[in-house]
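# A structural walkthrough
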Amino acid sequence: MESGKRGFLTLLPLLLSFLFYFDFSKKLPSSDCSLLPHNHYWIASKHIVTPNGTISGAVEIKQGGIISIVAEENWHVNPWFTTVVNYGEAVVMPGFIDVHAHLDDPGRTEWEGFPSGTKAAAAGGVTTLIDMPLNSAPSTVSEEALKLKVQAAEGRVYVDVGFWGGLVPENAENATSLERLLDAGVLGLKSFMVPSGINDFPMTTSAHIKEALPTLARYKRPLLVHAEVLLDHDGKLEPEDGVDNARSYSTYLKTRPASMEEAAINQLITLTKETRAGGSAEGAHLHIVHLSDARTSLNLIKEAKRRGDSITVETCPHYLAFAAEDIPDGDTRFKCAPPIRDAANKEKLWDALLGGDIDMLSSDHSPAEPEMKLLDEGNFLKAWGGISSLQFVLPATWTYGRKYGITFEQLASWWSEKPAKLAGLNTKGAIAIGNQADIVVWEPDLEFDLDNDYPVHVKHPSISAYMGSRLAGKVLATFVRGNLVYKEGNHASLACALPILHR
Ligand SMILES: [Zn+2]
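What you see is a predicted model; the values in this text were computed from it and never measured.

Turning our attention to the overall build of the chain. When you go through the chain residue by residue, the secondary structure sums to 13 helices and 19 strands. The buried share of the chain, reckoned over its 503 residues, is 50%. The contacts in the chain between residues at least 6 apart in sequence include a share of 76% that link residues at least 24 apart.

Take a look at the structure:
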C-alpha cells in the first residue's frame, strides 16, 4: 500500500505531463498554414525584445496568442513534453508593421499583388502591412472598392493586411460616402496634396482635408497625407534647365524641392490646430507620410507637436540609407517622391529619428512593371517613381542604423509599437501577454549580398534600389498569429493570414 502510493506519486508528474502534452501540444488540423505544426509552444532566445526591455528567456504561444513571457531564471519546462523552438542568440522581436505599402491588388497585379507582396513581407519580417488605397484599380475610395480589396486579399495573404481608404475630392465633399467607407472598415484615410499619378485618385486641397477632419474626429481614425504641394511660381513639375540632363538625379531633385514639402506642411499645421483638446476636430489625427525634408518641414512638425496638435510623421529607410549625390546617372530605381535629398539632410533625418521627432518608419514599397522604370533610357523625369523595398526594410534600417548605435528597442518602437498605435491595432506591435503572436526572429550579425544568387522573394528584383548592396540582419523566421509563415527561405504552403478591418 505504502509503496504503491509512492509509486503513483512518482508517476504523477509524468502523467500530468502527458495530459498537458496531449491536451495542448496537439498538431493543428491544417498544418499547411504553418511550418511549425503545433498550436502550443515556446520560443526561447537570449534576446527577446519586450516593452520592458530585452530579456533572455522564453515566450509561450498558444492558439495564436502570447500567453506568457518568462525570464530564463524562472523558466522551467520539461523539453520532453513541451515544444520549444530555441533560437539561441538570435533576436526575437515583435513583427514589423508596415503602415505604408502599395500592393496594387486588385487591378494592377502585374506590378505586385497580395500573394507576392505578402510573401516578400513575410521573408522580411513584416507581419502586418497596411495597404495604400492606390495603385490598385479601382482605388479604395468607396465602400464598394473596399469590398473588392477584401475579396482580393481573402485566402491570398501570408501576413495580415489592413487597408487605408482614399480621401479624394468626391468623398471629402460628401460626408455620407466618407462615412460608408469608414463604416466598411478602413483603418483611416490617405490623401495627396499633389497629383498622385493615378487618374482615379485625384489630389485634395487643404480645404478638402479641413472638410473631412470632423468626420475623422468622430470615428477617431487618422488621416495620412502625402505632403507636397505644387508651388505657385512654376506650377509644374519641370526643371528650370529643361530635360537635357534628365539622366542626372540632380535634375529630378530640382523638380521637387524641399519647399514643396514645407509649403504643404505649413498648410496642414493650420488645420491640425483644431485637433488639440477642445478644438473642433478633437479626436482626429494627422500623419505625414514619408518625410524627406529634415530642415524647415521637420521644424514645422516639431512646433506643431509642442503646441499639442495631434500629429505624427514617418520617414522611410531609403531616405536614411541613400544620398542624392551618390545616385548614379540614369539609375531610376532610386526615383521616388518626395525625392531622396543630400547627405547632410540624411544626417538630420537620423538625428530626428533618434531624438524622437520622427515617430516611425515605413517602407512606401511601391513597385511597378520594370519597363515603367525606363532602366535603359535612365530618364528620371519620365520614369515611374516608387522604391521597391518591402523585404529589405529590416536589414536596411539595421545596416544603416548600426553606425548611429540604434538598439533593438528603438527598432521595435519605430517598426512595431508606433505603427500599431497609428493603425489602431491594439493586439499587435509588442511581445506582450494577450497580444497576437506576431514575431520576427533575426540574426543581426549575419551579412549577405543582394545579388542574383540571393533568394530575395521579390517580384521585380531588377527595380529594387537595394539590389547589389551588402546588408546585415538576416530574417530567420516570421510568425503571424502563431503560424510560422516563413522559415529560412521557405513559406508556409497556404496563405492563412487575414484581412484586418476596423471593428
Ligand atoms: Zn506611397
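What the six strands build is an open sheet, ordered β9-β10-β11-β12-β13-β14; its pairing is parallel. Each edge of the sheet is formed by a strand with only one pairing partner; in this case those strands are β9 (165–166) and β14 (360–361). Pairing analysis gives four bridges linking strand β10 (residues 189–192) to strand β11 (residues 222–226), with the strands arranged parallel. Bridging from a neighbouring strand, L189 pairs with L223 of β11.

Time to look at helix α8 (residues 258–271). In this model α8 runs 21 Å from its N-terminal to its C-terminal C-alpha over 14 residues, within 8% of the 20 Å that 1.5 Å per residue would give. In this structure, the buried residues of α8 make contact with α6 (206–219), β11, β12 (285–288) and α9 (296–307).

Our focus in this paragraph is the pairing of β12. Burial of the side chains of β12 extends over both faces: H285 and H287 are buried on one face and L286 and I288 on the other. Where β11 lies against β12, four bridges are found, and the strand directions are parallel. Across the sheet, the residue bridging to P222 is H285, located in β12. Relative to strand β13 (residues 311–315), β12 runs parallel, the two sharing three bridges. Paired with L286 across the bridge in β13 is I311. Handedness of the β12-α9-β13 crossover: right-handed.

The biggest cluster of nonpolar side chains holds 143 residues, and the ones touching the most others in it are V92, V159, L223 and V485. Considering every element that reaches this core, the biggest residue donor is helix α13 (residues 408–423), with seven residues. If we ignore the near neighbours within four places in the chain, the residues touching L223 are L167, G188, L189, S191, I209, A212, L216, A284 and L286.

A few words now on the sheet that holds strand β19 (residues 499–500). Strand order across the open sheet formed by four strands is β6-β7-β8-β19, with parallel pairing between neighbours. Strands with a single pairing partner mark the edges of an open sheet, and in this sheet they are β6 (96–101) and β19. Inspection of the sheet shows β6 paired to strand β7 (residues 126–131) by four bridges, in the parallel sense. Residue pairing across strands places D98 opposite L129, the latter belonging to β7. In this fold α13 packs onto β6, β7 and β8 (160–163), with an angle of close to 55° to the strand it touches most, β6.

This paragraph deals with the packing of α8 against α9. Closest axis-to-axis distance for the α8/α9 pair is 8 Å, and the angle between their directions is 15°. The angle between α8 and α9 falls in the class roughly parallel. As for how α8 packs across α9, the hand of that crossing is left-handed. Between α8, through A258, E261, E262, I265, N266 and I269, and α9, the contact on the second element is made entirely by T296, S297, L300, I301 and A304.

Moving on, we get to the confidence of the model for the chain. Predicted confidence across the chain gives a mean pLDDT of 92, with 92% of residues reaching 70 or more. Scored below 50 in pLDDT, residues 1–9 makes zero contacts in the model with residues more than four places away or belonging to other chains. When the criterion is pLDDT under 50, residues 12–29 qualifies, and its contacts beyond four places in sequence or with other chains add up to 15 contacts.

Tracing the sequence through the fold places P367 in the loop between β14 and α12 (393–401). On the basis of neighbour count, P367 is assigned to the buried category, with 31 C-beta atoms found within 10 Å. C-alpha separation for the pair P367 and V458, spaced 91 residues apart in sequence, amounts to 9.9 Å. Residues contacting P367, with those up to four places away along its chain left out, are W111, E112, G386, S388, K459, H460 and I463.

The next point concerns the environment of D357. Note on placement: D357 falls in the loop between α11 (343–354) and β14. Its 18 C-beta neighbours within 10 Å are what place D357 among the partly exposed residues. Remark: the alpha-carbon pair of D357 and P195, spanning 162 residues in sequence, is separated by 28 Å. Non-local contacts of D357, meaning those with residues more than four positions away in its chain, are made with L298, K302 and A352.

Before going further, it helps to spend a moment on α6. Spanning 14 residues, α6 covers 20 Å between terminal C-alpha atoms, matching the ideal 20 Å at 1.5 Å per step. Looking only at α6, the buried set comprises H208, I209, A212, L213, T215 and L216. The elements touched by buried residues of α6 are α4 (169–172), α5 (175–183), β10, β11 and α8. Immediately beyond the C-terminal end of α6, within one or two residues, lies K220, with a positive phi of roughly 55°.

Conventions used here
- Residues numbered from 1 in each chain as written.
- Predicted model: local features only at pLDDT ≥ 70, side-chain atom pairs only at ≥ 80, totals over all residues.
- Helix = DSSP H or I, 4+ residues; strand = E, 2+ residues; numbered from the N terminus.
- Buried ≥ 20, exposed ≤ 12 C-beta atoms within 10 Å, placed from the backbone.
- Contact = placed C-beta atoms within 7 Å.
- Pairing = 2+ DSSP bridges.
- Expected span 1.5 Å × (residues − 1).
- Right-handed = clockwise from strand over helix to strand, strands pointing away.
- Core = buried A, V, L, I, M, F, W, Y, C linked by C-beta atoms within 7 Å.
- Axes fitted to C-alpha atoms, helices over the stretch in contact; angles between N-to-C directions.
- Parallel < 35°, antiparallel > 145°, perpendicular 65-115°, else oblique.
- Left-handed = near helix turned anticlockwise from the far one by under 90°.
- pLDDT = per-residue confidence, 0-100.

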